[in-house]
Amino acid sequence: RRAGLEVAVVDTALAGAAAVKARRVLSTRPRAAVEIYAGETTVTVTGSGTGGRNHEAALAAAIALDGRPDTAFLAAGTDGIDGSTPGAGAVVDGGTAAEGRELGLQAADYLADNDSGGFFDRVPGRITTGRTGTNVGDLWMVAHPTRPR
């Protein structure tokens, strides 16, 4: 707000499948330049990869945002860890999936194998804070094209 951006807390009870919820969040009409979400989603593991619910949400968001350079998505656990990864989550934008393709990686394949952690091992975006000693929940933020307040 100090930077002149419109900010809205949209949901403080995130629940459901991380990838599905991330796509749904990004498919709704923006309410503000910066939207804030909190809660805890889930992942049903059917693949053999690494990662957690925030990495998975971020990877699903990267796929949904592919080619949309004007929007960014952040998903991170307040405890500083996410599943079997060294990070709390990841931040992505409309170029993240393309960065993966440049390295020969298909984001959708990584998502299908529950290997969002493996994707962010190779593509920049992982948020690494170390353990924070707190566990309030997960924080998601969506930054849309900047609009002054």
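In what follows, the structure referred to is the one given above.
The rules we used
Residues numbered from 1 in each chain as written. Predicted model: local features only at pLDDT ≥ 70, side-chain atom pairs only at ≥ 80, totals over all residues. Heavy atoms only, no water. Buried < 20%, exposed > 50% of the residue type's maximum accessible area, 1.4 Å probe, protein only. Helix = DSSP H or I, 4+ residues; strand = E, 2+ residues; numbered from the N terminus. Pairing = 2+ DSSP bridges. Salt bridge = Lys/Arg side-chain N within 4 Å of Asp/Glu carboxyl O. Phe/Tyr/Trp six-rings, centres within 6.5 Å; stacked < 30°, edge-to-face > 60°. Contact = heavy atoms within 4.5 Å. Core = buried A, V, L, I, M, F, W, Y, C linked by side-chain atoms within 4.5 Å.

Alternating residues of strand 6 (residues 138–143) divide into D138, W140 and V142, all buried, and L139, M141 and A143, none buried. Relative to strand 6, strand 2 (residues 34–39) runs antiparallel, the two being bridged by 6 bridges. Each residue of the ladder has a partner; that of G39, found in strand 6, is D138.

Side chains that differ in sign of charge can pair as their charged atoms come close. Counted by the stated rule, this structure contains 4 salt bridges. Residues R101 and D66 are paired through a salt bridge, measuring 2.9 Å at the closest nitrogen-oxygen approach. With R101 in helix 3 (residues 96–102) and D66 in the loop between helix 2 (53–64) and strand 3 (72–77), the pair connects residues that are 35 residues apart, well separated along the chain. Here R126 ties to D121 by a salt bridge, and the two come within 2.8 Å at their closest N and O atoms. Salt bridges sharing common partners tie together E40, R53 and D138.

Now for the packing of aromatic side chains. Here the distance between the centres and the angle between the planes together describe a pair of aromatic rings. A full pass over the atoms with the stated rule returns 3 aromatic pairs. Here F73 and W140 contribute two aromatic rings whose centre-to-centre distance is 5.3 Å and whose plane-to-plane angle is 65°, an arrangement assigned as edge-to-face. Pair noted here: F73 is in strand 3 and W140 is in strand 6, with a separation of 67 residues, a long-range link. With a relative accessible area of 0%, F73 lands in the buried category. Overall, the relative accessible area of 0% leaves W140 in the buried class.

The next point concerns the environment of D79. Mapping D79 onto the fold places it in the loop between strand 3 and strand 4 (89–93). Beyond its immediate stretch of four places on either side in the chain, D79 contacts G130, R131, T132, T134 and N135.

Counting residues in each nonpolar core, the largest one holds 27 residues, and the members touching the most others are A57, L59, F73, V92, F119, F120 and W140. Put simply, the parts of the chain that give this core at least two residues each are helix 1 (18–27), helix 2, strand 3, strand 4, helix 4 (107–112), helix 5 (116–122) and strand 6. For this core, the leading source of residues is helix 2, giving 6 residues. Leaving out residues up to four positions away in the same chain, F119 has contacts with L59, T96, G100, L105, A107 and Y110.

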